[in-house]
Amino acid sequence: MHWMFRNRVLILAGICVVCTGIIILCRQVPSVPFFSTVWRSEQPFQDLLQREGRKTATKPDFVFVGIDQSSLEMPPLTEDELANNRAFQLMKRPYADGWSREIWALFLDRVLAAGARLVMFDMVFNKLREGDQGLREGDQAFRNALDRYRDKVVLAANFDFSNASQSGGGFAQTVVPHPMFIPPPQMQDGRVGYVTFFADQLDGKIRAVRYTITDMQLAKMPPQPGEIPSEALSARGLEKLGRAQDVPRDLKAHLIRFSDLNAYDPLPLYQVFDEKFWKQNYGSGSFFKDKIIVVGSSAQIIHDVTDTPLSPETPGPAMHLFALAAAMDHEFLHNTAVRTDLILVCVFGVLAWALVAYVRRPLLSILLMVIITLAYLGAVRLFYDRSGLLVLTVPVMSNFLISGGFSLGFEYALERIEKLRTRRTLERYVSKNLVKEILENPDSYYHSLLGVRVPATMLFSDLVGFTTLSEKADPEELVRQLNEYLTQMTAVVFKNGGTLDKFIGDAIMCVWGNVKSFGVQEDAKCAARTALGMRRELQKLNDGWRAENRMGLGMGIGINQGEVIVGNIGSQERMDPTVIGDAVNLASRLESLTRIYGVDILIGATAAEFVRDEFHLKSVARAQVKGKTAPVDVFTLIGSRNDNVDPELLKWVESYEEGIVKFREREFKGAKILFSRFLEFYPDDLLAKMYLDRALEYEQQPPDEAWNAVEVFKKK
């Protein structure tokens, strides 16, 4: 046996080890072409989970008030509306020139008087307004409002990294509200929180929130003991709400489970000041009772958006509500540990090896790989939804599928080698008459793909349970046993003048009348003699195998006679002289039916009529096989009339045949009696048992009028 067959399991293990090693190596060396994509694709997969998986629950008390396009342009107003509305007068000034801060004082008075719990501004008021006296007075009005509502307002600060690389130490500049609004140190004031979100360095997406951070961390250095951290806008908001215990204070970035992208659609700012909307849409302010409000830009022209797993156009102000909701509900995500990741990669490499090495059925292996992949993906989704655990997926599944794919490729190559070796061995068993025809008339076989219709008799034989045996037996021993079997069977075919059409694995197809005919009736008799000869030779082989403690084999044979097309089927490079047609298909179906009826030989009605004068037959069934619209009578061969067949058996077979007739004529009681008598002498006869059971059943519950004793088979 070839060395690859002997070391098959070790070679498969080596394939899986190499694939697993490459996958693990690519984590350490991310620049490796192609394979590094495996690890880079994990983040997009986790983003997909963020989009498709469970979201943080939408908070009904969260409100996003946006400076949208309608608020920037302001709808047409009547003179009365403009004269009686201070906010509208201030908002008529172009936003680009700077609105008076009095607008925000009016906003705070309006929503907080309506019962709002908290207002967070996603705006950094770091400069005073310059120009006319009204703008400066607006700053003072806003300052007064901030003092008046100090326990219900949070302003934004920001970190400017634009000059960090040029500042020597690499520190970012903190942009804080002007001292007029919040006295220094502003970052330590409970009314100030930073609005900066730190994007992933690889792709620029924001997936995590830092609720607290130190100056040293901003400079990309470890935090120092005693540093007072700055707090995010959302962290300040939690403190104002009395939820300070929900703020993660470990100075780490926390992956959050986002809320739905459209959870907090912006409300136009101007509607808060419009009496019509205030009354109709907001219930004269009752809508804002107990609400937590974030105020920020929502107009496209301002483009205050961030790139997140949900969308590259995620509104920036809504991010603070997402961060707030995640902290309140403790909806934080966690990646599996690096050690766990590597273990998973290795485990699925071993699993791929075990599947291919021990299942040994390619289609079943592929099916199991698909099932395991889907199950793993389902588990990943379950872990994400239930506990927020991001289980490593793409590298694990890539290793599983790549290892399995290469292993199946090796198995396929090995199978091809095995088939080639077996084919070369079996090519020695070719009918002499066919060899002679090919050698004497090579041009007709090479140039002609035409066919001719002739009457012929076909015999199909196949081993019973050979597939199961091939999975368990030693391959070398199996080939030897198969060669012994085929040698004896083909010898019987040649002895009776048959043409060995082909081997189909352990199956044999042979024909009489295609190359040379002895006459239609004689061809059928030769096929019957071949079937009985195969029965005898297999019995001899089984006796010898069992004496050697080897497993015996069973066999099924199907014989049919009819008109077929004889010709060379194939290509110009390789042709196969064979027969095709309905009669051929029926012979194959009859061979398959031997398992169902518990006999080793089945013969069709036409062939049965040709051989009845020389052989004893026994009726089996009236069957309609797959692909046929009309039923056919099927018989089994008992033996030749020239053989020493037990006369008692033949006598009771006549009783059995009478039972068949009565059964088909719906005389189930009489059929039951005849089958019972037959079984008294031959209790192991499966056909008689089958008909007795059916006769008893139909006697108790007769079939409908359409019943005609035909058995319809939907499968081959």
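Being a predicted model, the structure only gives us computed values, none of them experimental. (Residues numbered from 1 in each chain as written. Predicted model: local features only at pLDDT ≥ 70, side-chain atom pairs only at ≥ 80, totals over all residues. Heavy atoms only, no water.)

Turning next to the overall build of the chain. Secondary structure assignment for the chain yields 27 helices and 24 strands. Taking 2.2 N^0.38 as the reference for a compact globule, 716 residues should give roughly 27 Å; the C-alpha atoms of the chain span a radius of gyration of 44 Å, well beyond that estimate. Considering only C-alpha atoms, the chain reaches an extent of 130 × 65 × 50 Å along its principal axes. For the chain, with 716 residues in total, the buried portion stands at 47%. Counting only contacts in the chain whose residues sit at least 6 apart along the sequence, the fraction spanning at least 24 positions is 72%. (Helix = DSSP H or I, 4+ residues; strand = E, 2+ residues; numbered from the N terminus. Rg over C-alpha atoms; globule rule 2.2 N^0.38 Å. Buried < 20%, exposed > 50% of the residue type's maximum accessible area, 1.4 Å probe, protein only. Contact = heavy atoms within 4.5 Å.)

It is worth spelling out the nonpolar core at this point. Of all hydrophobic cores here, the largest spans 50 residues; its most connected members are Trp104, Phe107, Leu108, Phe121, Phe288 and Ile293. The element contributing the most residues to this core is helix H8 (residues 102-113), with 7 residues. Excluding residues within four positions of it along the chain, Leu108 makes contact with Ala113, Val119, Phe121, Phe142, Ala145, Leu146, Tyr149 and Val153. Counting 39 residues, the second largest nonpolar core, distinct from the first, contains Leu500, Trp512, Ala528 and Leu532. (Core = buried A, V, L, I, M, F, W, Y, C linked by side-chain atoms within 4.5 Å.)

A full pass over the atoms with the stated rule returns 0 disulfides. The thiol of Cys26 is not disulfide-bonded; the next cysteine sulfur, from Cys19, is found 11 Å away. (Disulfide = S-S within 2.5 Å.)

Helix-helix packing: each pair is described by the crossing angle between the helix axes and the interaxial distance. The geometry of helix H2 (residues 8-28) relative to helix H15 (residues 338-359) is characterised by a closest axis approach of 9 Å and an angle of 155° between their N-to-C directions. In terms of orientation, H2 lies roughly antiparallel with respect to H15. The way H2 lies across H15 gives a crossing that is right-handed. Contacts between H2 and H15 pair Arg8, Val9, Leu12, Ala13, Cys16, Thr20, Ile23, Ile24 and Arg27 from the former with Val338, Leu342, Val345, Cys346, Gly349, Ala352, Trp353, Val356, Ala357 and Tyr358 from the latter. (Axes fitted to C-alpha atoms, helices over the stretch in contact; angles between N-to-C directions. Parallel < 35°, antiparallel > 145°, perpendicular 65-115°, else oblique. Left-handed = near helix turned anticlockwise from the far one by under 90°.)

Before going further, it helps to examine the pairing of strand S17 (residues 499-504). The pairing of S17 with strand S18 (residues 507-512) spans 5 bridges and is classified as antiparallel. Looking across to S18, one finds that Leu500 is bridged to Cys510. Joining the antiparallel neighbours S17 and S18 is a turn of 2 residues, in which Gly505 adopts a positive phi near 70°. (Pairing = 2+ DSSP bridges.)

This part is about the pairing of strand S3 (residues 153-160). Most of S3 sits out of view: 6 of its 8 residues are buried. Here 2 bridges tie strand S2 (residues 118-121) to S3, and the two strands are oriented parallel to one another. Residue Met120 lies in a different strand from S3, and its bridge partner there is Val154. Looking at chain direction, S3 and strand S5 (residues 192-194) are connected through 3 bridges and run parallel. Residue pairing in the sheet places Leu155 in a bridge with Val192 of S5. Pairing geometry for S3 and strand S4 (residues 173-175), over 3 bridges, is antiparallel. Bridged to Asp160 within S4 is Gln173.

Bringing the packing of aromatic side chains into the picture now. Aromatic ring pairs: the centre-centre distance and the angle between the two ring planes describe each pair. For the coordinates displayed, the defined rule picks out 36 aromatic pairs. Residues Phe121 and Phe125 carry aromatic rings whose centres are separated by 5.8 Å and whose planes lie at 75° to one another, so their mutual orientation is edge-to-face. The exposure class assigned to Phe125 is buried, which follows from its relative accessible area of 3%. Centroid distance Phe663 to Tyr691: 5.2 Å. Interplanar angle 80°. Geometry classified as edge-to-face. Of the two residues, Phe663 sits in helix H25 (residues 647-664) while Tyr691 sits in helix H27 (residues 686-700), which places them 28 residues apart along the sequence. You can call Phe663 buried: its relative accessible area is 4%. The class for Tyr691 is buried, based on a relative accessible area of 3%. A connected cluster of aromatic rings, assembled from ring pairs, spans Tyr656, Phe663, Phe668, Phe675, Phe678, Tyr682, Tyr691, Tyr698 and Trp707. The aromatic ring of Trp278 is capped on one face by Arg110, whose charged end is 4.1 Å from the ring centroid. One Lys or Arg, Arg257, reaches over the ring of Tyr384 and ends 4.7 Å from the middle of that ring. (Phe/Tyr/Trp six-rings, centres within 6.5 Å; stacked < 30°, edge-to-face > 60°. Lys NZ or Arg CZ within 6 Å of the ring centre and 35° of its normal.)

Okay, the pattern of salt bridges next. Tallying each qualifying case throughout the model produces 44 salt bridges. Linking Arg535 and Asp600 is a salt bridge whose minimum nitrogen-to-oxygen distance equals 2.8 Å. Of this pair, Arg535 sits in helix H22 (residues 520-547) while Asp600 sits in the loop between helix H23 (582-597) and strand S21 (601-604), and the two are 65 residues apart along the sequence. Residue Asp633 pairs with Arg622 through a salt bridge whose shortest N-O separation is 3.0 Å. In this pair, Asp633 sits in strand S23 (residues 632-640) while Arg622 sits in strand S22 (residues 615-624), placing the two residues 11 residues apart along the sequence. Here Asp633 falls in the partly exposed class, since its relative accessible area comes to 25%. Look at the salt bridges and you will find they share partners, linking Glu477, Arg480, Glu484, Glu548 and Arg550 into a network. (Salt bridge = Lys/Arg side-chain N within 4 Å of Asp/Glu carboxyl O.)

Let us look at H22. End to end, H22 covers 41 Å across 28 residues, agreeing with the expected 40 Å (1.5 Å per residue, within 8%). One or two residues past the end of H22 sits Asn549, with phi positive at roughly 65°. (Expected span 1.5 Å × (residues − 1).)

What follows concerns the confidence of the model for the chain. Taken over all residues, the pLDDT of the chain has a mean of 87, while the share at 70 or more is 91%. Every residue in residues 445-449 is under pLDDT 50, and counting partners more than four places away or in other chains gives 16 contacts. (pLDDT = per-residue confidence, 0-100.)

Another aspect to go through is unusual backbone geometry. Omega for the peptide link from Pro184 to Pro185 comes to -10°, which places this bond in the cis form. Within the element layout of this structure, Pro185 appears in the loop between S4 and S5. Here Met74, not a glycine, exhibits a phi torsion of approximately 65°, which is positive. Tracing the chain through its elements places Met74 in the loop between helix H5 (69-73) and helix H6 (79-83). Residues other than glycine seldom take positive phi values, yet Arg360 does so here, at roughly 65°. Its location among the elements puts Arg360 in the loop between H15 and helix H16 (362-387). Residue Arg360 is classed as partly exposed on the basis of its relative accessible area, which comes to 46%.

Before going further, it helps to spend a moment on a nonpolar patch on the surface. The grouping of Leu363, Ile366, Val370, Leu374 and Leu377 at the surface amounts to a nonpolar patch, some 470 Å² of accessible area in total. Note on Ile366: relative accessible area 40%, which makes it partly exposed. (Patch = residues over 30% accessible without salt bridge, like charges linked within 9 Å, V, L, I, M, F, W, Y side chains within 5 Å. Areas by Shrake-Rupley, 256 points an atom, 1.4 Å probe, with all protein chains shown as cover.)

Bringing H23 into the picture now. Taking 1.5 Å of rise per residue, the 16 residues of H23 would be expected to cover 22 Å, and the 22 Å separating its terminal C-alpha atoms lies within 8% of that figure. Regarding H23, the residues found buried are Ala583, Val584, Leu586, Ala587, Arg589, Leu590, Glu591, Leu593, Thr594 and Tyr597.

Within the secondary structure, Asn399 sits in helix H17 (residues 394-426). Once residues within four sequence positions are removed from consideration, Asn399 is found in contact with Cys19, Thr20, Ile23, Val345, Phe348, Gly349 and Gly404.

The residue Asn642 is located in the loop between S23 and H25 in this model. Through-space distance from the C-alpha of Asn642 to that of Asn496 is 16 Å; in sequence the pair is 146 residues apart.

Here the focus is the side chain of Glu102. Following the sequence through the fold, Glu102 ends up in helix H8. Side chain to side chain, Glu102 and Arg86 meet in a polar contact 2.9 Å long. Excluding its chain neighbours within four sequence positions, the residues that come into contact with Glu102 are Arg86, Leu90, Gly138 and Ala141. (Polar contact = N/O pair within 3.5 Å; in protein donor to acceptor, adjacent residues only side chain to side chain.)

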